[in-house]
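# Structural description and commentary
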Amino acid sequence: MKKLLALIAVLMLSSCFNAERKCQDYRTGTYEFETYLNGELVTSRFVRNDSIEIEEFQGDIDTSSVRWINDCEYILKNLYPDGMAEEKPIHIKILTTSQNGYTFEYGQVGDPRKARGEVRKVSSVN
């Protein structure tokens with residue numbers, strides 16, 4: 001009986017576990033994001049301060065405004081879009097943080113489809 005009660009207590013405590021989210025640590029800095037594009041691993045690098053994000057990807061540079069909704073969610077809007085697809089803002093939600101980066105979910109605003117990714121922090125912005 002005691003073993004059963006101990007097991008129930010452990011299960012209850014583990015179900016209350018919340019992933020660590022220290023999102024404030026990731027408002028500014030230099031980051032890298034790796035993804036597969038046409039079967040090839042490619043890297044995007046971006047620098048973000050509190051209101052602007054500048055991304056370099058395959059020789060192209062994009063600048064986006066950053067509007068924080070809360071500590072862990074923000075909206076990216078491309079300031080110089082090259083077409084209709086780039087005009088739509090992207091909603092980003094930081095799901096978990098670690099010492100080296102964070103896991104996030106993203107998708108176009110208003111679109112229920114979401115994708116996930118991981119970002120690695122390269123350096124802090126001073």
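It should be noted that the structure appears before, not after, this text.
Here is a short report on the structure shown in this document. (Residues numbered from 1 in each chain as written. Predicted model: local features only at pLDDT ≥ 70, side-chain atom pairs only at ≥ 80, totals over all residues. Heavy atoms only, no water.)

Turning our eyes to something else, we now look at the side chain of glutamate 32. Mapped onto the fold, glutamate 32 is located in strand S1 (residues 29-37). A distance of 2.9 Å separates polar atoms of two side chains, one belonging to glutamate 32 and the other to arginine 45. Polar side-chain contacts of glutamate 32 include one of 2.3 Å to the side chain of arginine 120. Dropping the residues within four chain positions of it, glutamate 32 is found in contact with Thr43, Ser44, Arg45, Glu118, Val119, Arg120 and Val122. (Helix = DSSP H or I, 4+ residues; strand = E, 2+ residues; numbered from the N terminus. Polar contact = N/O pair within 3.5 Å; in protein donor to acceptor, adjacent residues only side chain to side chain. Contact = heavy atoms within 4.5 Å.)

On to a negative patch on the surface. Residues Glu56, Asp60, Asp82, Glu86 and Glu87 make up a contiguous surface patch of negative charge. Mapped onto the elements, glutamate 87 comes out in helix H2 (residues 84-87). (Patch = residues over 30% accessible without salt bridge, like charges linked within 9 Å, V, L, I, M, F, W, Y side chains within 5 Å. Areas by Shrake-Rupley, 256 points an atom, 1.4 Å probe, with all protein chains shown as cover. Salt bridge = Lys/Arg side-chain N within 4 Å of Asp/Glu carboxyl O. Lys, Arg positive; Asp, Glu negative; His and termini not counted. Charge placed at Lys NZ, Arg CZ, Asp CG, Glu CD.)

So, on to the nonpolar core. Core analysis: the largest hydrophobic core is formed by 15 residues, its most contacted members being Tyr31, Phe46, Tyr74, Ile94, Tyr102, Phe104 and Val119. Contributing elements (two or more residues each) for this core: S1, strand S4 (60-70), strand S5 (73-78), strand S6 (90-97) and strand S7 (101-108). In this structure, valine 119 is in contact with Tyr31, Glu32, Phe33, Phe46, Asn100, Gly101, Tyr102 and Phe104, ignoring residues within four places of it in sequence. (Core = buried A, V, L, I, M, F, W, Y, C linked by side-chain atoms within 4.5 Å. Buried < 20%, exposed > 50% of the residue type's maximum accessible area, 1.4 Å probe, protein only.)

Glancing now at the side chain of asparagine 78. With respect to the secondary-structure elements, asparagine 78 resides in strand S5. Polar side-chain contacts of asparagine 78 include one of 2.8 Å to the backbone nitrogen of tyrosine 80. A polar contact is formed between the side chain of asparagine 78 and the side chain of glutamate 86, at a distance of 3.3 Å. Dropping the residues within four chain positions of it, asparagine 78 is found in contact with Asp62, Thr63, Ser64 and Glu86.

Before going further, it helps to examine the packing of aromatic side chains. One pass over the structure, following the stated rule, counts eight aromatic pairs. Here the aromatic rings of tyrosine 31 and phenylalanine 46 are separated by 5.3 Å at their centres, their planes lie at 25 degrees, and the arrangement is stacked. With tyrosine 31 in strand S1 and phenylalanine 46 in strand S2 (residues 40-48), the pair connects residues that are 15 residues apart, well separated along the chain. Phenylalanine 46 carries the same exposure label as tyrosine 31, and that label is buried. What links up through ring pairs into an aromatic cluster is the set Tyr26, Tyr31, Phe33, Phe46, Tyr102, Phe104 and Tyr106. The ring of tryptophan 68 has arginine 27 lying over it, and the distance from NZ or CZ to the ring centre is 4.3 Å. (Phe/Tyr/Trp six-rings, centres within 6.5 Å; stacked < 30°, edge-to-face > 60°. Lys NZ or Arg CZ within 6 Å of the ring centre and 35° of its normal.)

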